[in-house]
Number of protein chains: 2
Amino acid sequence: MKRFLVKVLAFVTDKVPAISRKVNRLIINRLVNHVRHRPHPWSTVHDYTSWTSLTDRKWSARHLPAKHLERPKHDRVEEFFKRQDQRLSPKSTLLFPAFAQYLTDGFIRTRMPEAGEPDDPARKQTTSNHQIDLSPLYGRTPEQTAALRLSSEASDKRGRLKTQVREGEEYAEFLYDGTQIKPEFEVLDRPLMSDAFAGNQDITSRLFAFGGDRANASPQVAMMNSLFLREHNRLASMIEAANPSWDDERVFQVARNIAIVLFIKIVVEEYINHIAWGVRFIADPSVAWNAPWNKPNWMTTEFSLLYRWHSLIPDVMKWGDKDYPVGETIMNNKPLLDVGLKRAFVDMSAQHAGEIGAFNTAAGLLRFEKMAIEQGRLCRLASYSDYRAYASLKRPNKFSDISSNREVVSFLEGAYERVDDVEYYVGLFAEDLEKNSPLPALLGRMVAADAFSQALTNPLLSEHVWHEQTFTKEGWKVIIETGALRDILDRNVKGGLSGDLFIGMTHPDWKPS
Amino acid sequence: MKRFLVKVLAFVTDKVPAISRKVNRLIINRLVNHVRHRPHPWSTVHDYTSWTSLTDRKWSARHLPAKHLERPKHDRVEEFFKRQDQRLSPKSTLLFPAFAQYLTDGFIRTRMPEAGEPDDPARKQTTSNHQIDLSPLYGRTPEQTAALRLSSEASDKRGRLKTQVREGEEYAEFLYDGTQIKPEFEVLDRPLMSDAFAGNQDITSRLFAFGGDRANASPQVAMMNSLFLREHNRLASMIEAANPSWDDERVFQVARNIAIVLFIKIVVEEYINHIAWGVRFIADPSVAWNAPWNKPNWMTTEFSLLYRWHSLIPDVMKWGDKDYPVGETIMNNKPLLDVGLKRAFVDMSAQHAGEIGAFNTAAGLLRFEKMAIEQGRLCRLASYSDYRAYASLKRPNKFSDISSNREVVSFLEGAYERVDDVEYYVGLFAEDLEKNSPLPALLGRMVAADAFSQALTNPLLSEHVWHEQTFTKEGWKVIIETGALRDILDRNVKGGLSGDLFIGMTHPDWKPS
């Protein structure tokens, strides 16, 4: 009966825009209201509310205050994640984790300790701008943005980002000149693992000069940033043509306005709709204008953990005709440069992602699970059970309330004295997946609440900014016509995409159950 | 009839708290809704909406976009402000400008050009934290706050700010040691005009180590900061006694939470109620919780100009038995140290302030009027007429629509070709005062909209922070019991205040007409 109603609802909302918008508003409000509205009373700086916790945004905010938890019975809890038999997701293609990583690297930015610096307080802090601002493309600071822009004196083109063309394909410039970072790019955040690859010119010679320190982390992420790089320059060229009197600065700024909004549209209309099922969300900015939850964004320490979806990454990925074990893709842009952007998107859309959950993280990524568990302890997060209650879900009374999987239950029993001791990060991934969704319940609920309340409150979507004047007539048209990565890719690869090429996050063979 | 209704309303709302709260909410919403809600589409960085204009808060936001205005017929427009016969305000005492200056110096902070630096872009920028955060007391940055705090190792007292005691009176420490700023205070913003007084030890030897670079600008402002300094230390001592296990940091932070909220209560319940008439506003945080105008604060370039109330300062002020011409009070803390804090407040409450408006700025302050006019031009502000329309007021059709004062009209006619050319800053102060208020209409409307939407959206007043736990039981009681500067002064001067001592912004002889 419920299935039937959902289908009827989906049908009606698809056909009648006015109803569709009302349902959209209703459901988004419901999803956001599952958790407490911002401002958060606490951050990682103090265990109590202080002016610093309310204003100093270099600390991560927190949904729940610090709490003492009983430590697990043993110190190998990360084995909970260790992949046994690889499980693939029937629903998600590899485009899903590629986009998720690109998206979250932009604003979930735990500060990495400098060499010799202890984890505390570094890992309680963040380098985030706390906005969806395409910082992997544009950088985090005005100085970084300037370094990435093509000088208008050196070129007759206005508003462009620096690029190179290789075999007819437009990419970012390379970061290194031999073994050295080019002086013009010194101001950029260094790629995160670049120290580990110092001297390995197979790797360093192909690193791109990107705004984000994680945008070279894997060829899938570099692929995503390359797409938005091309789109930015395409938009700049369009704006320049339509407004011959505008200077370099204005062409750049307006192209950026459009690019950020395109990105947010894809977050809501492709990415969230892939996660959800039954309703088709639309990126309607007016939902947020008068909403009580429209309060300044501030990334939380909980959000930084819940988005570590390592199990989405399969052991092996295909780029063109070649198989790459996951270890060989780290910081390696060769697969992308070899196949080019179109083929990269086609390949990522043709392969299944891994399934989120226990016992499904590739061996090479297991150390990141350990780091996540340790970060949760460092920040003294409340228990998984506390977060269930916080998100208006039932607390588990026994371990078997968490999962229907006997192996999962048995691991948890072996690791924790009581069900209330289960840690947030472990509990998140211990739950069964929601029907027709790639995510389990608590994870899905916290993702949805934060995603909508952060994406739709972007200042470019605000009441007195969201109009044609901010984006130009041409830009506004592009915004209206874009709802998926495919739309953007189509206009940024030679000859466009033929109609039968599948580009998407939801595998074409998948059927809802 | 209207007078009668206002009186009935005032009577009823005074007697029935539930009605009072509803009326309060209704009127505050109406006042805030006279102007557009934030986020502002523009800042002083670009003439169009850009990601920078929406996010880079070192630029001033703007209510209206940049516009080309016809220049006035002559370049002596500042003479519009030149005091002829001093007019005193029947309503306002000198406590009103003292508080107004102290309040606004905390967050209206046009960036001053460095030596040799041009005005553009410096004066388009701001060093504001964009919050009512008592930065004159605590500093603008964590490093400044640290420099102002008493080290808990050097003392058995917790959570205190550094002070000295002189003749039984508690003041901030002095900033200078001989002709040098003490090394511990190097990190503070230098007092604004300290270069002009370099070598003048009569002045520099009495400058206080304050958080704010304008808090030494006059003894009235130093008086205000000294009051909140004493109150902070009193609160810290109270919290320490009630919570013997708390460390220095927590005692400090919670005392600061309380002090900031006390300050905001006085902004609404004493200061705004002095400006307004007919309704008694209460600082009810819940008014803002779900309001569509609860959006992040961002100081505007218009706000930074409209608050330059130089004409409130009379030619001569009495401190104790001595008359001080205004020029002798600049950067001079001697009058305050001579009479002490109690007498200073009594004296400021006994004298009439000047009246806001044309031809009433003391000669010594006229150069600040010229700077304000130039800043308006630098930022290419729209016209006075445009701001009337923006604030839902009628545009003037002719010069005599602006003022009923023939001299004012005649000056404007001599200065501007058309009524639409009248500059914002001049027009603001050309209007007649509102009945029973110290402010004219447009000025009052813009002050009210910004004041409420900035004060009540303070994070300490937010829905999940505004409770006893944030302030302690003792702190909460202090908050409830404080509604005026008199309340704070009473507990911070020896022997308190006897009942017949008047401390207030509204002169006791004043009667509404």
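Residues numbered from 1 in each chain as written. Chains lettered and ligands numbered in written order. Predicted model: local features only at pLDDT ≥ 70, side-chain atom pairs only at ≥ 80, totals over all residues.

## Overview of the overall build of chain A
Alright, step 1. Helix and strand content of chain A: 21 helices and 10 strands.
Alright, step 2. Scaling as 2.2 N^0.38, a compact globule of 513 residues should have a C-alpha radius of gyration of about 24 Å, and chain A matches this with 22 Å.
Alright, step 3. Across its three principal axes, chain A shows a C-alpha extent of roughly 70 × 60 × 55 Å.
Alright, step 4. In chain A, which comprises 513 residues, the proportion classed as buried is 50%. (Helix = DSSP H or I, 4+ residues; strand = E, 2+ residues; numbered from the N terminus. Rg over C-alpha atoms; globule rule 2.2 N^0.38 Å. Buried ≥ 20, exposed ≤ 12 C-beta atoms within 10 Å, placed from the backbone.)

## Examining the relation of the copies chain A and chain B
Alright, step 1. Of the two same-sequence chains, chain A is brought onto chain B (RMSD 0.0 Å, axial shift 0.0 Å) by a rotation of 180 degrees. Taken together, the rotation angle and the small translation identify this as a two-fold axis. (Least-squares fit on C-alpha atoms with pLDDT ≥ 70 in both.)

## Observations concerning the nonpolar core
Alright, step 1. Judged by nonpolar contacts, the single largest core of 141 residues is most densely connected at Phe 99, Met 223, Ile 258, Phe 263, Ile 264 and Val 267 of chain B.
Alright, step 2. No other element matches the 17 residues that helix α10 (residues 248–275) of chain B contributes to this core.
Alright, step 3. Filtering out sequence-adjacent residues up to four positions away, Ile 258 of chain B remains in contact with Leu 235, Phe 471, Gly 475, Val 478 and Ile 479 of chain B.
Alright, step 4. The next biggest cluster of nonpolar side chains, apart from the first, holds 140 residues, and it includes Leu 31, Leu 262, Ala 448 and Phe 452 of chain A. (Core = buried A, V, L, I, M, F, W, Y, C linked by C-beta atoms within 7 Å. Contact = placed C-beta atoms within 7 Å.)

## Describing the interface of chain A and chain B
Alright, step 1. Facing the 32 residues of chain A at the interface are 32 residues of chain B.
Alright, step 2. Contributions of two or more residues to the side of chain A that touches chain B are made by α3 (51–55) and α10 (248–275) of chain A.
Alright, step 3. The biggest single contributor to the side of chain A that touches chain B is α10 of chain A, with 5 residues.
Alright, step 4. Of the residues in the side of chain A that touches chain B, the class split is 13 nonpolar, 13 polar and 6 charged. (Nonpolar A, V, L, I, M, F, W, Y, C, P; charged D, E, K, R; others polar.)

## Structural notes on the packing of α10 of chain A against helix α19 (residues 441–455) of chain A
Residue and element names in this part refer to chain A.
Alright, step 1. Packing of α10 against α19 brings their axes to within 11 Å, and their N-to-C directions diverge by 165 degrees. One way to sum up the angle between α10 and α19 is to call them roughly antiparallel. For the crossing formed where α10 meets α19, the hand is left-handed. Contacts between α10 and α19 involve Ile 264, Val 267, Val 268, Ile 272 and Ile 275 on the former and, on the latter, Gly 444, Val 447, Ala 451 and Ala 455. (Axes fitted to C-alpha atoms, helices over the stretch in contact; angles between N-to-C directions. Parallel < 35°, antiparallel > 145°, perpendicular 65-115°, else oblique. Left-handed = near helix turned anticlockwise from the far one by under 90°.)

## Some remarks on the packing of helix α4 (residues 95–105) of chain B against helix α9 (residues 219–242) of chain B
Residue and element names in this part refer to chain B.
Alright, step 1. Contact pair α4 / α9: the axes reach a minimum separation of 9 Å and the direction vectors enclose 70 degrees. The pairing of α4 with α9 is recorded here as roughly perpendicular in orientation. For the pair α4 and α9, the crossing hand works out as right-handed. For the pair α4 and α9, contact is made by Ala 98, Phe 99, Gln 101, Tyr 102 and Asp 105 and by Gln 220, Val 221, Met 223, Met 224 and Asn 225, respectively.
Alright, step 2. Across the contact of α4 with α9, the residue classes break down as 6 nonpolar, 3 polar and 1 charged.

## Description of the environment of Arg 343 of chain A
Alright, step 1. By secondary structure assignment, the location of Arg 343 of chain A is in helix α14 (residues 334–350).
Alright, step 2. Through-space distance from the C-alpha of Arg 343 of chain A to that of Val 493 of chain A is 9.9 Å; in sequence the pair is 150 residues apart.

## A closer look at the environment of Asp 432 of chain A
All names here are of chain A.
Alright, step 1. Relative to the elements of secondary structure, Asp 432 occurs in the loop between α18 (424–430) and α19.
Alright, step 2. By C-beta crowding, Asp 432 is classed as partly exposed, having 13 other C-beta atoms within 10 Å.
Alright, step 3. As a C-alpha pair, Asp 432 and Asp 195 span 237 residues in sequence and 38 Å in three-dimensional space.
Alright, step 4. Beyond its immediate chain neighbours, meaning those up to four positions away, Asp 432 contacts Ser 403, Ser 404 and Pro 440.

## Here we look at the pairing of strand β9 (residues 322–325) of chain B
Residues and elements named next belong to chain B.
Alright, step 1. As judged from the 4 bridges shared by strand β8 (residues 316–319) and β9, these two strands associate in the antiparallel manner. Within β9, the residue paired with Lys 318 across the bridge is Asp 323.
Alright, step 2. Between β8 and the antiparallel strand that follows it, β9, lie 2 residues; Gly 320 among them carries a positive phi value of about 60 degrees. (Pairing = 2+ DSSP bridges.)

## Things to note about the environment of Asp 315 of chain B
All names here are of chain B.
Alright, step 1. Here Asp 315 is to be found in the loop between α12 (301–306) and β8.
Alright, step 2. On the basis of neighbour count, Asp 315 is assigned to the partly exposed category, with 14 C-beta atoms found within 10 Å.
Alright, step 3. Each C-alpha atom, one on Asp 315 and one on Leu 443, is 23 Å from the other, the two residues being 128 residues apart in sequence.
Alright, step 4. With near-sequence residues (within four places) excluded, Asp 315 lies in contact with Gln 86, Pro 325, Val 326 and Ala 362.

## Structural notes on unusual backbone geometry
For residues that are not glycine, phi is negative in most cases, and the peptide bond is trans in most cases.
Residue and element names in this part refer to chain A.
Alright, step 1. Note the cis peptide between Asp 120 and Pro 121, where omega equals 10 degrees.
Alright, step 2. Position of Pro 121 among the secondary structure elements: in helix α5 (residues 119–122).
Alright, step 3. A positive phi is found at Met 331, a non-glycine position, where the angle reads about 60 degrees.
Alright, step 4. Considering the arrangement of structural elements, one finds Met 331 in the loop between α13 (326–329) and α14.
Alright, step 5. Residue Met 331 is classed as buried on the basis of its 22 C-beta neighbours within 10 Å.
Alright, step 6. For Arg 380, which is not glycine, the phi dihedral falls at a positive 45 degrees.
Alright, step 7. Among the structural elements, Arg 380 can be located in the loop between α15 (366–378) and α16 (384–390).

## Focus on helix α9 (residues 219–242) of chain A
Alright, step 1. With 24 residues, α9 of chain A should reach 34 Å at 1.5 Å per residue; the first-to-last C-alpha distance of 34 Å fits that figure.
Alright, step 2. The element α9 of chain A is extensively covered by neighbouring structure, given that 20 of its 24 residues are classed as buried. (Expected span 1.5 Å × (residues − 1).)

## Here we look at helix α20 (residues 468–481) of chain B
Residues and elements named next belong to chain B.
Alright, step 1. For α20, built from 14 residues, the straight-helix expectation of 20 Å at 1.5 Å per residue is missed by more than 12%, its first-to-last C-alpha distance being only 14 Å.
Alright, step 2. Along its length, α20 shows its largest kink, about 85 degrees, at Glu 474.
Alright, step 3. Within α20, the full set of buried residues consists of Thr 470, Phe 471, Thr 472, Gly 475, Val 478 and Ile 479.
Alright, step 4. Where α20 is buried, its residues touch α9 and α10. (Bend = angle between axes of the 7 residues up to and from the residue.)

## Thoughts on the confidence of the model for chain A
Alright, step 1. The share of residues in chain A with pLDDT of 70 or more is 98%, and the mean pLDDT across the chain is 95.
Alright, step 2. For this predicted complex, the interface confidence score (ipTM) comes to 0.94, while the overall pTM stands at 0.96. (pLDDT = per-residue confidence, 0-100.)

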